[in-house]
Amino acid sequence: MDTAAIMQLLTDAKAVITNSHLVYTSGRHGATYVNKDALYVHTKITSELCDLMSSHYDPNKVDVVIGPTIGGVVLSQWIAHHLNSRRSSGETLSLYAEKEGEGEDKKLVIKRGYDAFIPGKNVVVVEDILTTGGSARKVIEAVQALKGNVLALSVLCNRGGIKSTDVGNVPIHALVNVTMDSWAEEECPLCKEKKPINTSVGKGKAFLEKRGLAV
């Protein structure tokens, strides 16, 4: 399936928003958004996309699939499911990493006993949307700190032009690579035009609340 077909699936699921004023998880602003929450309610499409993501790997050589909360959890489950459907023996486990700490001290950690499944295992890290690669990189570092072998980073959409060197020299397999302009808040042309911020998706609501603005 080519990029156009995949983008059409996302569009059919109403998971692509355009011509808006959005605040991404990274804090940068933009006009286009891939809304994975709109996608995940459609299990057939989600399963189909995750099957494509899983096809990059030898199922017998992937012990663990792990992603960051929240969106990475759904991808981890489905990708592990499709890998298991093609395994000749054994099982690929689905785990997740979660946030701990605040601000600059915030990191992603593997706990709830999941950390016991990482040492010495072959791991595929998954992420929904790459903008800066920050969350994916933190999961990779958490896996490596537990002596897990990260085979690759598998992503639904690389919208930030993120390269392997940005995530610790781990190979990146993206279903789609798209260019979507984004800006730091102080450089955002949409802010300068005073275009209302979308509070329905992304971090727009939190952005306004932090500044004491009505939502």
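Structure first, text after, so check above.
Here goes a summary of the coordinates provided. Nothing here was measured: the structure is a model prediction, and the numbers come from that model. (Residues numbered from 1 in each chain as written. Predicted model: local features only at pLDDT ≥ 70, side-chain atom pairs only at ≥ 80, totals over all residues. Heavy atoms only, no water.)

Here we look at the pattern of salt bridges
The condition that has to hold: By convention in these notes, a salt bridge is any Lys or Arg side-chain nitrogen within 4 Å of a carboxyl oxygen on Asp or Glu. Numbered from the N terminus, helices here are DSSP runs of H or I no shorter than four residues, and strands are runs of E no shorter than two.
Per the stated rule, a full pass over the model turns up four salt bridges. Linking E98 and R112 is a salt bridge whose minimum nitrogen-to-oxygen distance equals 2.7 Å. A residue pair is termed long-range when its members are at least 10 positions apart, and E98 in strand β6 (residues 93–100) and R112 in the loop between β7 (107–109) and β8 (122–130) qualify at 14 residues.

Here's the deal with the packing of aromatic side chains
Rule in force here: Note on ring pairs: Phe, Tyr and Trp rings are taken, using the six-membered ring of Trp, and paired if centres are within 6.5 Å. Classes follow the plane angle, with under 30 degrees stacked, over 60 edge-to-face and the rest tilted. Burial here depends on accessible area, computed with a 1.4 Å probe over protein chains only, as a share of the maximum for the residue type. Under 20% is buried, over 50% is exposed, and the range in between is partly exposed. By definition here, charges over rings are those cases where NZ of Lys or CZ of Arg is within 6 Å of the ring centre and within 35 degrees of the ring normal.
Taken as a whole, this structure holds two aromatic pairs when the rule is applied. Between the aromatic rings of Y24 and Y33, the centroid separation amounts to 6.2 Å while the plane-to-plane angle is 10 degrees, which identifies the pairing as stacked. Summarising the burial analysis for this pair, Y24 and Y33 share the class buried. Where Y96 meets Y114, the ring centres are 5.3 Å apart and the plane angle is 75 degrees; that geometry is what we call edge-to-face. Note that Y96 is positioned in strand β6 and Y114 in the loop between β7 and β8, a separation of 18 residues in sequence. Sitting above the plane of the Y24 ring, R159 keeps its charged end 4.3 Å from the centroid.

A closer look at helix α5 (residues 134–145)
Count 3.6 residues to each turn of an α-helix, and residues three or four apart come out pointing the same way. Note the threshold: Take the number of residues in a helix, subtract one, and multiply by 1.5 Å to get its expected span. Residue contacts follow a heavy-atom distance rule, with two residues in contact if any of their heavy atoms lie within 4.5 Å.
End to end, α5 covers 16 Å across 12 residues, agreeing with the expected 16 Å (1.5 Å per residue, within 8%). Taken together, the buried positions of α5 are G134, A136, V139, I140, A142 and V143. In this fold, the buried residues of α5 make contact with β5 (64–68), β6, β7, β8 and β9 (149–158). With its phi angle positive at about 70 degrees, K147 sits one or two positions after the end of α5.

Quick word on the sheet that holds strand β11 (residues 182–183)
Quick reminder of the rule: A pair of strands is treated as paired once DSSP finds two or more bridges between them.
Taken in spatial order, the three strands make up an open sheet running β2-β3-β11, and their pairing is antiparallel. Unpaired on one side and paired on the other, β2 (22–23) and β11 mark the two borders of the sheet. Bridging between β2 and strand β3 (residues 29–30) involves two bridges; their strand directions are antiparallel. Along β3, the bridge assignment pairs V23 with H29.

Quick word on the pairing of β5
A regular strand carries its side chains on alternate faces of the sheet. Applicable threshold: Seen with its strands pointing away from the viewer, a crossover is right-handed if its path from the first strand over the helix to the second goes clockwise.
By the criterion of burial, β5 is predominantly enclosed, with five of the five residues buried. Pairing analysis gives five bridges linking β5 to β6, with the strands arranged parallel. Looking across to β6, one finds that V65 is bridged to S94. Handedness of the crossover joining β5 and β6 through helix α4 (residues 71–86) is recorded here as right-handed.

As for the sheet that holds β7
Sheet strands pair by backbone hydrogen bonding; their relative direction is either parallel or antiparallel. Our working definition: Axis definition: a line fitted to C-alpha atoms, over the contacting stretch in the case of helices. Angles run 0 to 180 degrees between N-to-C directions.
The sheet built from six strands is open, its strands ordered β7-β6-β5-β8-β9-β10 with mixed pairing. Each edge of the open sheet is held by one strand with a lone partner, namely β7 and β10 (172–177). Neighbour-to-neighbour, the strand axes of the sheet open up by a mean angle of 25 degrees, direction not taken into account. Pairing of β8 with β9, which is carried by eight bridges, proceeds in the parallel orientation. Across the sheet, N122 pairs through a bridge with N149, a residue of β9. Along the sheet, α4 contacts β5, β6 and β8; its crossing angle with β5, the most-contacted strand, is approximately 165 degrees.

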